[in-house]
Amino acid sequence: MTSTPILEVDAIAVTYSQIIPALRGVSLAVPEGAIVALLGGNGAGKTTTLKAISNLVRVERGELTGGRIVYRGQDVARVEPWTLVERGLVQVLEGRRCFGHLSVEENLLIGAFARRPRKAELKAALERIYAIFPRLKDMRKTFAGLTSGGEQQMVAIGRALMARPSLVLLDEPSMGLAPQVVEEIFEIVAALNRDEGVSFLLAEQNATVALRHAQHGYVLEGGRVVAHGAASELARLDVLHDAYLGGVPVDYANVRRARNESRALAV
Ligand code: ATP
């Protein structure tokens with residue numbers, strides 16, 4: 001990694017309900033303007049890592065018990081989530097989390113509140129989102145709950161973009177979506193990254209699609225990073241094929257081998 005990281009996570013540990021360890025010393029970095037994939041199976045710790053960064057683990061009775069989280073050069077481990085949003089760090093939660101009884105446009109407007117924009121500014125922000133997701137413009141008066149899974153994911157990402165983020169934490173954007181829709185979502189993420197310089201840390205079980213669009217990747221297993229490196233190199237690791245592509249249970253000998261291989265990779 002050559003450019004300065006916009007985010008550095010250094011050996012963080014998270015425990016739920018004071019007894020359930022979820023993260024056991026996770027370290028990662030997101031260079032400014034990069035897409036970084038956080039890979040792993042169910043329960044590996046991907047969501048917890050994102051929520052620790054955005055300071056949302058507390059909502060789930062989770063506690064950051066160790067480590068440092070540095071965003072734009074400042075320790076933000078105790079900074080409130082809404083302050084992080086104001087500073088440009090925004091999370092798109094797993095499962096889309098749209099307000100089903102509000103219209104698509106009302107859902108988008110919620111995302112802009114942190115900036116307290118003027119009316120004209122708000123209109124311009126909405127038009128920007130509709131330019132990125134033209135489909136949402138046609139559906140702007142529709143209840144979000146009546147739109148498809150792919151459209152709800154677009155609403156969730158659009159709502160995050162209304163806050164004008166520098167870094168988006170995107171949790172499982174592919175979850176429950178058809179391959180064609182997943183591709184569409186990832187193309188939009190890639191375009192936002194390329195054209196607007198938005199950095200992404202995206203948690204995914206779908207390693208194939210994530211590594212196709214990311215520059216770097218980290219593999220989590222049991223709350224630890226077991227492999228990391230350039231996406232092109234990581235995609236070649238057998239462990240990813242075994243664990244996430246072929247649906248075969250993780251073989252820990254493979255994980256150790258992958259970890260050794262990954263030490264040779266530049267991050
Ligand atoms: P998934 O893709 O299934 O969401 P994940 O990689 O995002 O998996 P996490 O949701 O971060 O994994 O879970 C990591 C560990 O923490 C798991 O063992 C999980 O059971 C536990 N965990 C997650 N949330 C809570 C919670 N609110 N209370 C207690 N334990 C939790």
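Refer to the preceding data block for the structure.
Quantities reported herein were computed from a predicted structural model and do not represent experimental measurements. (Residues numbered from 1 in each chain as written. Predicted model: local features only at pLDDT ≥ 70, side-chain atom pairs only at ≥ 80, totals over all residues. Heavy atoms only, no water.)

A. Region of the structure containing the sheet that holds strand β9 (residues 216–221). One open sheet accounts for 6 strands, arranged β6-β7-β8-β3-β9-β10; its pairing is mixed. Since the sheet does not close on itself, it has two edges, and those belong to β6 (89–92) and β10 (224–230), each with one partner. Geometrically, the sheet is characterised by an average inter-axis angle of 15° between neighbouring strands, direction not taken into account. (Pairing = 2+ DSSP bridges. Helix = DSSP H or I, 4+ residues; strand = E, 2+ residues; numbered from the N terminus. Axes fitted to C-alpha atoms, helices over the stretch in contact; angles between N-to-C directions.)

B. Representation of the pattern of salt bridges within the structure. In the structure shown here, the tally under the stated rule is 11 salt bridges. Put simply, E196 and R128 hold a salt bridge, and the shortest N to O gap is 2.7 Å. Taken as a pair, E196 in helix α7 (residues 179–196) and R128 in helix α4 (residues 119–132) lie far apart in primary sequence, 68 residues in all. On the basis of relative accessibility, which here comes to 36%, the residue E196 falls in the partly exposed class. Judged by relative accessible area, R128 falls into the buried class, the value being 15%. (Salt bridge = Lys/Arg side-chain N within 4 Å of Asp/Glu carboxyl O. Buried < 20%, exposed > 50% of the residue type's maximum accessible area, 1.4 Å probe, protein only.)

C. Inspection of the site of the ligand at higher detail. Close to the ligand lie 15 residues; G43, G45, K46, T47 and T48 are nearest. Measuring from an oxygen atom of the ligand, one finds a backbone N or O atom of G43 at 2.8 Å. Here T48 contributes a side-chain N or O atom positioned 2.5 Å from an oxygen atom of the ligand. Contact with the protein chains removes 68% of the 620 Å² of surface that the ligand exposes when unbound. Considering every element that reaches the shell around the ligand, the biggest residue donor is helix α1 (residues 46–53), with 3 residues. When its residues are assigned to classes, the shell around the ligand shows 4 nonpolar, 7 polar and 4 charged. (Near = heavy atom within 4 Å. Polar contact = N/O pair within 3.5 Å; in protein donor to acceptor, adjacent residues only side chain to side chain. Areas by Shrake-Rupley, 256 points an atom, 1.4 Å probe, with all protein chains shown as cover. Nonpolar A, V, L, I, M, F, W, Y, C, P; charged D, E, K, R; others polar.)

D. Structural context of the nonpolar core. Formed by 49 residues in total, the largest nonpolar core has its most connected members in F133, L170, F200 and L202. Every residue in contact with F133, bar those within four places of it in the chain, is listed here: M154, I157, G158, L161 and I188. L28, V57, L167 and Y218 belong to the second-largest nonpolar core, a separate cluster that totals 34 residues. (Core = buried A, V, L, I, M, F, W, Y, C linked by side-chain atoms within 4.5 Å. Contact = heavy atoms within 4.5 Å.)

E. The arrangement of the layout of surface pockets in detail. Of the volumes computed, that of the largest pocket is approximately 490 Å³. Along the wall of the largest pocket there are 20 residues; nearest its centre are V85, V90, Q91, L93 and R159. When residues of the lining of the largest pocket are traced back to their parent elements, those giving at least two are α2 (81–86), β6 and α6 (149–161). Counting residues per element, the lining of the largest pocket draws most heavily on β6, at 4 residues. Split by residue class, the lining of the largest pocket holds 15 nonpolar, 3 polar and 2 charged. (1 Å grid on protein atoms, 1.4 Å probe; cavity = no way out; pocket = protein on both sides within 12 Å on 5 of 7 lines; lining within 4 Å. Points joined across faces, edges and corners; volume = space filled by probe spheres on them.)

F. Structural view of the environment of G95. With respect to the secondary-structure elements, G95 resides in the loop between β6 and α3 (104–110). The class for G95 is partly exposed, based on a relative accessible area of 41%. Distance from G95 to P173, taken between C-alpha atoms, is 8.0 Å for residues 78 residues apart in sequence.

G. Broad picture of the pairing of β9. Burial within β9 is extensive, with 6 of its 6 residues counted as buried. Here β9 shows a buried face lined by H216, Y218 and L220 and a second buried face lined by G217, V219 and E221. Examined bridge by bridge, strand β3 (residues 35–39) and β9 share 4 bridges and lie parallel to one another. Within β9, the position partnered with V36 by the bridge is H216. Where β9 and β10 come together, 6 bridges link them in antiparallel fashion. Within β10, the position partnered with V219 by the bridge is A227. With antiparallel pairing between neighbouring strands as the criterion, β9 and β10 make up a hairpin whose turn holds 2 residues, including G222 at a positive phi of roughly 55°.

H. Expanded view of unusual backbone geometry. Of note, S17 is a non-glycine position whose phi angle comes to about 50°, a positive value. The topology assignment puts S17 in the loop between β1 (5–16) and β2 (20–31). The partly exposed category is assigned to S17, whose relative accessible area is 31%. One non-glycine residue, N55, lies in the positive phi region at around 60°.

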